[in-house]
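Understanding the architecture of this molecule
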Amino acid sequence: MIEPLHVLAMLGAGVVAAYVNVVAGGGSLLLIPLLTALGATASVANGSIRLAIVVQGIAALWAFRGTHKLDRQIALGLVPAVAGAALGALIIVARPDDEVRRILGGVILFAACLAAIRPKTQTGTYKLWLLIPGAAIAGLYGGLVQAGVGYFFLVVATWAGAMDLSRANYAKVVWTTAYSPIALLVFARSGTVDWSSASILAVGSAIGAVIGAKAAMRGGTRFLRWMILAAATAGGLNLVLG
């Protein structure tokens with residue numbers, strides 16, 4: 001039985017993380033440290049957040065309907081992102097929990113530093129030779145460690161895909177939503193998903209994703225993002241040193 005305060009903490013974190021994920025990226029940096037602080041192992045925390053990512057992606061795509069469409073650049077990144085994520089998930093579920101804990105801690109600290117920087121749009125035509133391997137590498141990272149993958153997809157979309165930030169945000173949601181069910185299946189088959197915690201996070205994520213999608217054109221997440229990055233840094237240090 002999950003304690004009521006833990007339920008509230010996970011619901012609130014799901015809302016905030018999904019909102020920031022959809023609008024800017026970096027929200028999932030909050031979730032793994034939270035779950036480990038509440039008693040989950042690093043491997044289970046990494047697996048349990050995947051259901052929330054699936055749900056928030058579907059909710060965000062529903063909210064984005066009519067304002068964006070699947071164009072050539074986004075379509076070209078789909079298969080590489082899914083293939084990379086499947087490989088990443090298969091790699092990480094085969095590692096022992098102590099190793100996963102150190103990997104997650106180090107990666108979360110690294111991603112928190114990178115996510116503090118917003119990528120700038122590159123003008124001109126998209127670069128296929130960068131787009132496909134870039135999406136595959138970002139997908140590999142997402143399969144290994146979901147936290148912070150939005151930043152890497154934004155870089156791929158803006159630099160290799162020559163998208164403005166609005167389209168890049170949509171591409172990020174499409175690519176993440178495409179690979180997340182596959183990653184969730186890999187983690188579920190390995191027994192590293194706590195479905196009770198995952199379901200609570202998913203409820204909060206659905207709410208946050210819809211709100212975030214509607215706010216995506218307006219910005220206004222700077223304060224939230226810095227709060228999440230601070231919490232992620234503390235959580236990452238705890239994973240590395242704990």
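Computed from a predicted structure; not experimentally measured.

Here we take up the packing of aromatic side chains. Applying the stated criterion across every chain, the model contains five aromatic pairs. Seen from their ring centres, Tyr151 and Phe152 are 5.8 Å apart, and the 80° between their planes marks the pair as edge-to-face. Geometrically, the ring pair formed by Phe153 and Trp175 is tilted, given 5.4 Å between the ring centres and 50° between the ring planes. Of this pair, Phe153 sits in helix H7 (residues 149–160) while Trp175 sits in helix H8 (residues 165–189), placing them 22 residues apart in sequence. Among the residues examined, Phe153 registers a relative accessible area of 0% and is labelled buried. Clustering of aromatic rings is evident, with ring pairs tying together Tyr141, Tyr151 and Phe152. The aromatic ring of Trp62 is capped on one face by Arg65, whose charged end is 4.0 Å from the ring centroid.

Mapped onto the elements, Ala75 comes out in helix H4 (residues 72–93). A sequence separation of 96 residues divides Ala75 from Ala171, and the C-alpha atoms of the two residues are 8.9 Å apart.

The next subject is the pattern of salt bridges. For the coordinates displayed, the defined rule picks out two salt bridges. A salt bridge links Asp71 to Arg167, with the shortest nitrogen-to-oxygen separation between them at 2.3 Å. Here the residue Asp71 occupies a position in the loop between helix H3 (42–64) and H4, and Arg167 occupies one in helix H8, the gap between them amounting to 96 residues. Among the residues examined, Arg167 registers a relative accessible area of 25% and is labelled partly exposed. For the salt bridge of Arg95 with Glu99, the shortest nitrogen-to-oxygen distance reads 3.1 Å.

Secondary-structure assignment places Gln56 in helix H3. A residue is classified by how much of its surface remains accessible, and Gln56, at 8% relative accessible area, is buried. Residues within four places of Gln56 in sequence aside, it is in contact with Ala18, Asn21, Ser205 and Ala209.

A grouping of Val203, Ile207 and Ile211 is seen on the molecular surface, where their side chains present a nonpolar patch of about 260 Å² in accessible area. When you line up the elements, Val203 lands in helix H9 (residues 195–215).

Moving on to the packing of H3 against H9. Taken N-terminus to C-terminus, the directions of H3 and H9 make an angle of 25°; their axes are 7 Å apart at the nearest point. By the angle between their axes, H3 is roughly parallel relative to H9. Like other packed secondary-structure pairs, H3 and H9 cross with a definite hand, here right-handed. On H9, the residues touching Ser48, Ile49, Leu51, Ala52, Val55, Gln56, Ala59, Ala60, Ala63 and Phe64 of H3 are Trp195, Ala198, Ser199, Leu201, Ala202, Ser205, Ala206, Ala209, Val210 and Ala213.

Looking now at unusual backbone geometry. Residues other than glycine seldom take positive phi values, yet Ala162 does so here, at roughly 55°. Relative to the assigned elements, Ala162 resides in the loop between H7 and H8.

For the rest of this paragraph, the subject is the environment of Leu130. Tracing the backbone shows Leu130 in helix H6 (residues 128–144). Along the sequence, Leu130 and Ala160 sit 30 residues apart, while their C-alpha atoms lie 5.4 Å from each other.

As a further point, take the confidence of the model for the protein. For the protein, per-residue confidence averages 86 on the pLDDT scale, and residues scoring 70 or more make up 86% of the total. Averaged pLDDT values for the elements of the protein fall to 64 in helix H10 (residues 222–241) and rise to 96 in H4.

Here we take up H8. The end-to-end C-alpha distance of H8, which contains 25 residues, comes to 36 Å, matching closely the 36 Å that a straight helix rising 1.5 Å per residue would cover. For H8, the side-chain oxygen to backbone nitrogen distance between the N-cap and Arg167 is 2.8 Å, and the N-cap itself is Asp164. One or two steps after H8, the chain reaches Gly191, where phi turns positive at roughly 80°.

This brings us to the packing of H7 against H8. Between H7 and H8, the shortest axis-to-axis distance is 9 Å and the interhelical angle comes to 125°. As judged from the angle between their axes, H7 and H8 are oblique. Seen from above, H7 lies across H8 with right-handed handedness. Contacts from Val149, Gly150, Phe153, Leu154, Val156, Ala157 and Thr158 of H7 reach H8 at Leu165, Ala168, Asn169, Ala171, Lys172, Trp175, Thr176 and Tyr179. Considered class by class, the residues forming the contact of H7 with H8 number 10 nonpolar, four polar and one charged.

Criteria and cut-off values
Residues numbered from 1 in each chain as written. Predicted model: local features only at pLDDT ≥ 70, side-chain atom pairs only at ≥ 80, totals over all residues. Heavy atoms only, no water. Phe/Tyr/Trp six-rings, centres within 6.5 Å; stacked < 30°, edge-to-face > 60°. Helix = DSSP H or I, 4+ residues; strand = E, 2+ residues; numbered from the N terminus. Buried < 20%, exposed > 50% of the residue type's maximum accessible area, 1.4 Å probe, protein only. Lys NZ or Arg CZ within 6 Å of the ring centre and 35° of its normal. Salt bridge = Lys/Arg side-chain N within 4 Å of Asp/Glu carboxyl O. Contact = heavy atoms within 4.5 Å. Patch = residues over 30% accessible without salt bridge, like charges linked within 9 Å, V, L, I, M, F, W, Y side chains within 5 Å. Areas by Shrake-Rupley, 256 points an atom, 1.4 Å probe, with all protein chains shown as cover. Axes fitted to C-alpha atoms, helices over the stretch in contact; angles between N-to-C directions. Parallel < 35°, antiparallel > 145°, perpendicular 65-115°, else oblique. Left-handed = near helix turned anticlockwise from the far one by under 90°. pLDDT = per-residue confidence, 0-100. Expected span 1.5 Å × (residues − 1). Polar contact = N/O pair within 3.5 Å; in protein donor to acceptor, adjacent residues only side chain to side chain. Nonpolar A, V, L, I, M, F, W, Y, C, P; charged D, E, K, R; others polar.

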